[in-house]
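# Remarks on the overall topology
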There are 4 protein chains.
Amino acid sequence: MSHEEIAAAALDQLAIELPSWGFANTGTRFGKFLQAAAATTLEEKFADAAQVHQLTGACPSLALHVLWDLPGGIGDVARVQALERQHGVRAGAINPNLFQDQRYKHGSVGNPDPAVRAEALAHLRESVDIARELGVRDVSLWFADGSNYPGTQHIRKRKHWFAEALGMVHERLSPAQRLLVEYKPFEPAFYHTDIADWGMALVLARDAGAQAFVLVDTGHHYLGQNIEQIVAWLLDEERLGGFHFNDRKYADDDLTLGSIDPYQVFRIFHEIQQAAWEQGHPPDLAYMVDQSHNLKGKIEAMIQTVRTAQELWVKAALVDRAALAVHQSACDLVQAERCLTEAFATDTRPLVRAWAEAHGLPPDPYAAFRESGYLETITRERGARNLSSVTSYA
Amino acid sequence: MSHEEIAAAALDQLAIELPSWGFANTGTRFGKFLQAAAATTLEEKFADAAQVHQLTGACPSLALHVLWDLPGGIGDVARVQALERQHGVRAGAINPNLFQDQRYKHGSVGNPDPAVRAEALAHLRESVDIARELGVRDVSLWFADGSNYPGTQHIRKRKHWFAEALGMVHERLSPAQRLLVEYKPFEPAFYHTDIADWGMALVLARDAGAQAFVLVDTGHHYLGQNIEQIVAWLLDEERLGGFHFNDRKYADDDLTLGSIDPYQVFRIFHEIQQAAWEQGHPPDLAYMVDQSHNLKGKIEAMIQTVRTAQELWVKAALVDRAALAVHQSACDLVQAERCLTEAFATDTRPLVRAWAEAHGLPPDPYAAFRESGYLETITRERGARNLSSVTSYA
Amino acid sequence: MSHEEIAAAALDQLAIELPSWGFANTGTRFGKFLQAAAATTLEEKFADAAQVHQLTGACPSLALHVLWDLPGGIGDVARVQALERQHGVRAGAINPNLFQDQRYKHGSVGNPDPAVRAEALAHLRESVDIARELGVRDVSLWFADGSNYPGTQHIRKRKHWFAEALGMVHERLSPAQRLLVEYKPFEPAFYHTDIADWGMALVLARDAGAQAFVLVDTGHHYLGQNIEQIVAWLLDEERLGGFHFNDRKYADDDLTLGSIDPYQVFRIFHEIQQAAWEQGHPPDLAYMVDQSHNLKGKIEAMIQTVRTAQELWVKAALVDRAALAVHQSACDLVQAERCLTEAFATDTRPLVRAWAEAHGLPPDPYAAFRESGYLETITRERGARNLSSVTSYA
Amino acid sequence: MSHEEIAAAALDQLAIELPSWGFANTGTRFGKFLQAAAATTLEEKFADAAQVHQLTGACPSLALHVLWDLPGGIGDVARVQALERQHGVRAGAINPNLFQDQRYKHGSVGNPDPAVRAEALAHLRESVDIARELGVRDVSLWFADGSNYPGTQHIRKRKHWFAEALGMVHERLSPAQRLLVEYKPFEPAFYHTDIADWGMALVLARDAGAQAFVLVDTGHHYLGQNIEQIVAWLLDEERLGGFHFNDRKYADDDLTLGSIDPYQVFRIFHEIQQAAWEQGHPPDLAYMVDQSHNLKGKIEAMIQTVRTAQELWVKAALVDRAALAVHQSACDLVQAERCLTEAFATDTRPLVRAWAEAHGLPPDPYAAFRESGYLETITRERGARNLSSVTSYA
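Residues numbered from 1 in each chain as written. Chains lettered and ligands numbered in written order. Predicted model: local features only at pLDDT ≥ 70, side-chain atom pairs only at ≥ 80, totals over all residues. Heavy atoms only, no water.

Looking at an unreviewed UniProt entry, one finds chain A named Xylose isomerase and attributed to Luteitalea pratensis.

Okay, here's the thing in structure tokens:
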């Protein structure tokens, strides 16, 4: 196949889900910098996501956050369905929220108080119900649970409470649904986080049942950790459910994908496509963005993320896998490595542009967005409301 | 000298400044857990600090935050002075705030916009004036300035703007005043922070003038970095101004001092006391707490911090420095190391209790605080107001 | 129980295995600093280990390294048994060596070459046989396998080869034997290590069979990682086999236990004793030292390690577990944390000394060793031989 | 200018010095994997370096290691000069060795023993003399000095001894010579390294004199540290002397440049070229490779390093600096960042190939090397000698 054909085939397979919260104002613990154009309502989030999808052709769905997007719970399903039809963007993964309410100060499903655990479980079950009603496959679980000081919580008891809760949530799933279990080494809990790494997520997912999978957030790793190896192992264990895409330099910085270490993203994509090549079909994974565009324009940052993912995805598709297999077996190190570095060195921007044009998409989505006037319109419409408040120190 | 005498002499020298913001509600970027007893007004902060001082005998001053504590700027000086007299606690280091206002989205004194830099400079100068009016020696500078993505800011230009601003602030100092320049590797800027490490702070302090010193926040270091070596070098360069005390496991977690790695705190104290022993007098350093008691009771956490500092400070005073010098010169490694480990192994709680009793302080400040009823009183008084709001996702 | 009784009961249970290689000359990649008194022969290693055991009363066994200690393989068993009887120290865990031979340049059981994998497997099986013949329970597996550059090796294929080999080694075990599977994030492989973390070790141990357990080397973790949480999870999964004790500041520095972060060692011991308290009996774990005393005197460093472990082990035994349970359940954070910090603050040196005297051991093993003249004797006897060579750059 | 012209101008300026020790057998602390073709003699190292220079056109000099390459000290100068003429490769930076000899067990110029410090100083002075005789500008100083355990050495005393020694070495310099002072956070010293970071190197360089500069080894940083910011600051302080090129994933892994994080190398190159653009001429820096090709073929790995550096150097030259300045001033974050990412995305392999052909160099140096038969020849000639020894555990 020509590079163009390889690229087109690869891009046809890459769907990236956008996060509704990525269009809203966010910040750090030191404060929020407000954007006039930020989305507040679910309507605005759907509208913004639709913009990104129209410009990139790769974002057919929008992840939802129950607490912020469906405050009415299952009662909001009809409203979401109307927005799906209106904007041509499907509802994506359903994200419960078990970290914001005051009751979760010492944890949610890991809380020593059985009443709190019960409330958390109820919210998780409702999230499953919402997803099922919306026809959404994935319920995506991130827990902030943990502790800040040695001795303040009982690590093994909390592990049992987690196992118990996830098992009960799993029972609620319909056959077409999946639970995604996310891990994170630290923050907001600073001493111990109940699901701190992929190993803990895997143990819990297996205990929960056959429809529970591990969710890899690219920013949730220790410094120096080999993320693509974790991806490869989870693929091999058939427990990789999908990704939260972002980048970081130090902690969980939620920067745009590939902005700090694009070669690492490429290597993750390579492991996925390598497995696909060997098994004859792509693994069934959810690719989701989870970023916090604190300073960048939110829609523009999403476009940048998706376009960067496309360009890196095509680079990974260009790896000569037949040659790679030969060189790996022969331990011809430089030749094997160069299968990756030569693909990475290839300029895939023209290939992505060509694919875009073939699909009636703008070849330069950055320019198209700036020219569309969309940002000016929403800035005008949303601005007065958004800037009426003033941030205060978190 | 007996252990008791060594301990008493050491404790007499240890004054620890409390931070006004440590008594207020704070949180992480994922939300705040509100405490009914949290201080909101400056009056409440002074009252709470006075409690800690009465129970520990070590906290005669309270660091102030211009924006939150003196919103009227220099016009609030008289009010602060009245509180000083009322509570028997002096105003401590003055902390400008150049990170919260929307105008500082892209930096304060490092902002490409000269108008923003001028506003930042004006705020810094007013902070110097406030300190001078209050008879406070130290103006303590922490800058959130930096950038989130490669290329978005010009690193060297910003360095020049920082040098220029600090020089101008230094000119404003009276002879008795000092500038403390703090460094931090990351957060809230995620790609580059303008003053990222002690080397950058030292370069800027030297350029600013003879009254500028480096401030070491124990949580602002890379993982694996040797903090006590930095302390020793800054002491030797005569540019160490003081400390922000806290602990952390991963990033800048703002946990209570010594809660994660007490031996590291001991080693820092050892370097300070070693220099004092050699030069015949203690170095003139500001010891300040900078913690964010997100979950722990705020006053209780302060008591714990101060008491932990006292116990570790006495351990450092017990190092046999004459023997240490001999063993270090002879490279008798295990014997030299044991000068530290034996001191650290000593139970200094009885020594601190004895000192407390000799000074009319409660031997067990934790129990004394719980018995005092103070927490119940302020919880009742402040509670309704504090819990009237609900956190929202940052 | 009194502190003395708690300490005595705790110390009676603590047996720490010494590593034969810890008495030999070692170095860094930049060179070796030779010690005249270093052990070269297995006879010397047994003699040195016996010294440590006589002085500390806690080291009844000596871990052996097949390649260095039993170059004749199973044919050396009788010689080892004679040394066991002669020195009153049992043979401990058997450690195969699959990293030194030139054939393992690209891996051992993960090598793409089936002939190399077969040789590695044969060595592993012989190690099982040696252990069985010696009546030793544990075969302790550390693999240096991995790769230095992205793309040079096939991560999932190597995972399969590991699973296959460990399964076959497991089949060779007698019912009383165990396999311990160690993990390490990096070094000597710099890009990917085949068994990089506890999650990978757990997956492989489970696949291998019921007698395979995970071995936790305290120095083999990412910076900032919570080791005691991993210990707690592995205990809960009933797959914790034991420990390699050492300490580190940055990478796998192989420093003496507790020399950098004694509170972390204490927390690990607390998790073990907490589980023991809950289940009514201590978990069946192997406590082994794995350190490289590059500069310290080797025997003295071992004494220091064992004594430090004893003092920290007793501190962990002093945690008031009944109170801790109450405070954890009530989320009384400071009180719960203080159950740990108060135990850690206790000076346990007198308790260990009292236990030692009650067992006819010297109360001060450091002094006893210096007074014994043993070091002078072996320095004289071994010195000429040991210093005849000169290190060269590795 | 066209891309071709920009690339040609950039490549004409890039000279990369090779390290003599990079052609010799090296290893990790776990052993060495011997290569039959490894260079042992200085003659062989010059011959191998000449190969790399002939294939890449960018390596006119070879860094020398006094102890290994000039064991006769200044008496070996004539021999080196003959090799320079013979191979068309100049002698490059002179590297003293103060870490290998047994006397340096507790440090060299930081050793508490004045006799050892005097010997170290003498070796440094001879290194300056050798460099002067060879007409070499740079003496490149890396010190392994430090300590493994808290308390075993006196940090400030050692700082003074370092300052004293570097001052005396500086006095020995002729006006055309420079001292390069390297820093490294850890290894082989594990607790404290006397020159641990760029700040310490800068303090010492300034104290030493006007001809002392800081040497940045790209692998000698904390995880998460922003290397390009350090480069920018040192450029601005006019104290950047040059680089040791390599890459790493965790510690100082000495991998080939750009093999783990090519975007970081690009950002460093960008800072250098940005400063050059602003000041109208390139900064006078030494670009040197310092890698340890443990598994890769040594010559092939050098070719790969140099070629990678060339490709990344050209990418940095393609940054649109005029546009960047505009976007940075306007805080147009995405547009500013894209000045870097678009340059990085450009495929510069054709540009480097075109430059090579224009200079009579092979367009594909990898193929040219494989076709040359050089490796087979030296493997045959050197093989028997090189494989006669067997590695043993370090």
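### Structural notes on the overall build of chain A
Scanning chain A for helices and strands turns up 15 helices and 12 strands. Across its three principal axes, chain A shows a C-alpha extent of roughly 60 × 55 × 40 Å. Within chain A, the proportion of its 394 residues that are buried is 72%. For chain A, contacts bridging at least 24 residues in sequence account for 78% of all contacts bridging at least 6. Summing over all exposed atoms, chain A offers an accessible surface of approximately 11800 Å²; the carbon and sulfur share of this is 52%. (Helix = DSSP H or I, 4+ residues; strand = E, 2+ residues; numbered from the N terminus. Buried < 20%, exposed > 50% of the residue type's maximum accessible area, 1.4 Å probe, protein only. Contact = heavy atoms within 4.5 Å. Areas by Shrake-Rupley, 256 points an atom, 1.4 Å probe, with all protein chains shown as cover.)

### Some remarks on the interface of chain A and chain C
Contact residues are listed per partner, giving 52 residues for chain A and 52 residues for chain C. Both faces combined, the contact of chain A with chain C buries some 4800 Å², and carbon together with sulfur accounts for 59% of it. On the surface where chain A and chain C come into contact, there are 6 salt bridges. As a salt-bridge pair, Lys 159 of chain C and Glu 237 of chain A come within 2.6 Å of each other at their nearest N and O atoms. Summed over the shared surface of chain A and chain C, the result is 22 residue pairs in polar contact (both at pLDDT 80 or more). For the side of chain A that touches chain C, the elements supplying multiple residues, two or more each, are α6 (155-172), β9 (192-193), α7 (198-208), α8 (227-236), α9 (262-279), α11 (321-330) and α12 (333-345) of chain A. Per-element accounting of the side of chain A that touches chain C gives the leading share, 8 residues, to α7 of chain A. Here the side of chain A that touches chain C is built from residues that sort into 23 nonpolar, 16 polar and 13 charged. (Buried area = accessible area lost by both parts, 1.4 Å probe. Salt bridge = Lys/Arg side-chain N within 4 Å of Asp/Glu carboxyl O. Polar contact = N/O pair within 3.5 Å; in protein donor to acceptor, adjacent residues only side chain to side chain. Nonpolar A, V, L, I, M, F, W, Y, C, P; charged D, E, K, R; others polar.)

### Observations concerning the packing of helix α2 (residues 42-56) of chain D against helix α4 (residues 77-87) of chain D
All names here are of chain D. Following both chains from N to C, one finds α2 and α4 inclined at 30°, their axes separated by 10 Å at the closest point. Viewed along their axes, α2 and α4 adopt a mutual orientation that is roughly parallel. For α2 against α4, the interelement crossing comes out right-handed. Touching Leu 42, Glu 43, Phe 46, Ala 47 and Ala 50 of α2 are Arg 79, Val 80, Leu 83, Glu 84 and His 87, all from α4. Tallied by class, the residues present in the contact of α2 with α4 amount to 6 nonpolar, 1 polar and 3 charged. (Axes fitted to C-alpha atoms, helices over the stretch in contact; angles between N-to-C directions. Parallel < 35°, antiparallel > 145°, perpendicular 65-115°, else oblique. Left-handed = near helix turned anticlockwise from the far one by under 90°.)

### Some details on the relation of the copies chain A and chain C
What relates the pair of chain copies is a rotation about an axis plus a shift along that axis. After a rotation of 180° and a shift along the axis of 0.0 Å, chain A superposes on chain C with an RMSD of 0.0 Å. Read as a symmetry element, the transformation amounts to a two-fold axis. Taking the C-alpha atom as reference, chain A places Gly 199 of chain A closest to the rotation axis, 2.1 Å from it. Mapped onto chain C, 100% of the interface residues of chain A are again interface residues, and the two copies thus contact each other with one and the same surface. (Least-squares fit on C-alpha atoms with pLDDT ≥ 70 in both.)

### Some thoughts on the packing of aromatic side chains
Overall, the coordinates contain 78 aromatic pairs over all chains when judged by the stated rule. Summarising the aromatic geometry, the rings of Phe 245 of chain A and Tyr 287 of chain A are spaced 5.9 Å apart at their centres and angled 25° between planes, so their arrangement reads as stacked. Within this pair, whereas Phe 245 of chain A is found in strand β11 (residues 240-245), its partner Tyr 287 of chain A is found in strand β12 (residues 286-289), the two being separated by 42 residues in sequence. The exposure class assigned to Phe 245 of chain A is buried, which follows from its relative accessible area of 2%. Each ring, one from Phe 269 of chain B and one from Trp 313 of chain B, has its centre 5.0 Å from the other, and the planes form 75°; the classification is edge-to-face. With Phe 269 of chain B in helix α9 (residues 262-279) and Trp 313 of chain B in helix α10 (residues 298-317), the pair connects residues that are 44 residues apart, well separated along the chain. What makes Trp 313 of chain B buried here is its relative accessible area of 4%. The lysine or arginine in question, Arg 338 of chain A, covers the ring of Tyr 366 of chain D, its NZ or CZ lying 3.4 Å from the ring centre. Stacked on the ring of Phe 344 of chain B, the Lys or Arg Lys 315 of chain B has its end atom at 4.8 Å from the ring centre. (Phe/Tyr/Trp six-rings, centres within 6.5 Å; stacked < 30°, edge-to-face > 60°. Lys NZ or Arg CZ within 6 Å of the ring centre and 35° of its normal.)

### Details of the pairing of strand β8 (residues 178-182) of chain A
Residue and element names in this part refer to chain A. Taken across its 5 residues, β8 has 5 buried, putting it largely inside the fold. Burial along β8 is two-sided: Arg 178, Leu 180 and Glu 182 and Leu 179 and Val 181, pointing in opposite directions, are all buried. Bridge count between strand β6 (residues 138-141) and β8: 4 bridges; the pairing is parallel. What sits directly across from Ser 140, in β8, is Leu 180. Looking at chain direction, β8 and strand β10 (residues 212-217) are connected through 4 bridges and run parallel. Within the sheet, the bridge partner assigned to Leu 180 lies in β10 and is Phe 213. (Pairing = 2+ DSSP bridges.)

### Brief notes about the side chain of His 170 of chain A
Looking at the secondary structure, you find His 170 of chain A in helix α6. Residue contacts for His 170 of chain A: discarding those within four places in its chain leaves Leu 179, Ala 208, Gly 209, Ala 210, Gln 211 and Ala 212 of chain A.

### Considering the confidence of the model for chain A
Residues and elements named next belong to chain A. Of all residues in chain A, 98% attain a pLDDT of 70 or more, and the chain-wide mean is 96. A low-confidence stretch, residues 390-394 (pLDDT under 50), is modelled with 19 contacts involving residues beyond four sequence positions or located in other chains. Taken together, the chains of this predicted complex give a pTM of 0.98 and an interface ipTM of 0.97. (pLDDT = per-residue confidence, 0-100.)

### With respect to the interface of chain C and chain B
Every contact between the two is made by 31 residues of chain C and, on the other side, 31 residues of chain B. At the boundary of chain C with chain B, total buried surface from both sides reaches about 2900 Å², with 51% on carbon and sulfur atoms. Joining chain C to chain B, the criterion identifies 6 salt bridges. With a shortest N-O distance of 2.7 Å, Glu 337 of chain C and Lys 296 of chain B are connected by a salt bridge. Across the chain C-chain B interface, the total number found is 14 residue pairs in polar contact (both at pLDDT 80 or more). Of all the secondary-structure elements, those providing two or more residues to the side of chain C that touches chain B are α9 (262-279), α10 (298-317), α12 (333-345) and α14 (365-372) of chain C. Take the side of chain C that touches chain B: its biggest share by element is 8 residues, from α12 of chain C. Of the residues assigned to the side of chain C that touches chain B, the class counts are 11 nonpolar, 8 polar and 12 charged.

### Remarks on unusual backbone geometry
A cis amide bond links Glu 187 of chain A to the next residue, Pro 188 of chain A, at an omega of 10°. Following the sequence through the fold, Pro 188 of chain A ends up in the loop between β8 and β9. The backbone of Asp 254 of chain B sits at a positive phi, close to 55°, despite the residue not being glycine.

### Re the environment of Ser 292 of chain C
All names here are of chain C. For Ser 292, the location among the structural elements is in the loop between β12 (286-289) and α10. Classification of Ser 292 as buried rests on a relative accessible area of 12%. Separated by 264 residues in the primary sequence, Ser 292 and Thr 28 place their C-alpha atoms 9.3 Å from one another. Beyond its immediate stretch of four places on either side in the chain, Ser 292 contacts Thr 26 and Asp 254. Separated by 3.0 Å, the side chains of Ser 292 and Thr 26 make a polar contact.

### Let's talk about helix α2 (residues 42-56) of chain B
Residue and element names in this part refer to chain B. Compared with an ideal rise of 1.5 Å per residue, which puts 15 residues at 21 Å, α2 spans 21 Å between its outermost C-alpha atoms and is within 8% of the ideal. Summarising burial for α2: 12 of the 15 residues are buried, a large majority. Every buried residue belonging to α2 is among Leu 42, Glu 44, Lys 45, Phe 46, Ala 47, Asp 48, Ala 49, Ala 50, Gln 51, Val 52, Leu 55 and Thr 56, and all of these are buried. Trailing α2 by a residue or two, Gly 57 shows a phi angle of about 70°, which is positive. (Expected span 1.5 Å × (residues − 1).)

### Some details on helix α14 (residues 365-372) of chain D
All names here are of chain D. All buried positions along α14 are accounted for by Pro 365, Tyr 366, Ala 368 and Phe 369. Angularly, the buried residues of α14 cover 165° about the axis, an arc narrow enough to put them on a single face. Its side-chain oxygen at 3.0 Å from the backbone nitrogen of Tyr 366, Asp 364 defines the N-terminal cap of α14. One or two positions beyond α14, positive phi appears at Gly 373, with a value near 80°. (Arc of directions from axis to C-beta.)

### Observations regarding the pattern of salt bridges
Using the criterion set out here, one finds 128 salt bridges over all chains in the structure. As a salt-bridge pair, Asp 254 of chain B and Arg 29 of chain A come within 3.0 Å of each other at their nearest N and O atoms. Within this pair, whereas Asp 254 of chain B is found in the loop between β11 (240-245) and α9, its partner Arg 29 of chain A is found in the loop between β2 (27-28) and β3 (31-32), the two belonging to separate chains. Take Asp 254 of chain B and Arg 29 of chain A: they sit in the same class, and that class is buried. A salt bridge links Glu 228 of chain D to Arg 267 of chain D, with the nearest nitrogen and oxygen atoms 2.5 Å apart. Linking Glu 228 of chain D in helix α8 (residues 227-236) with Arg 267 of chain D in helix α9 (residues 262-279), this pair joins segments that are 39 residues apart in sequence. We classify Arg 267 of chain D as buried; its relative accessible area is 2%.

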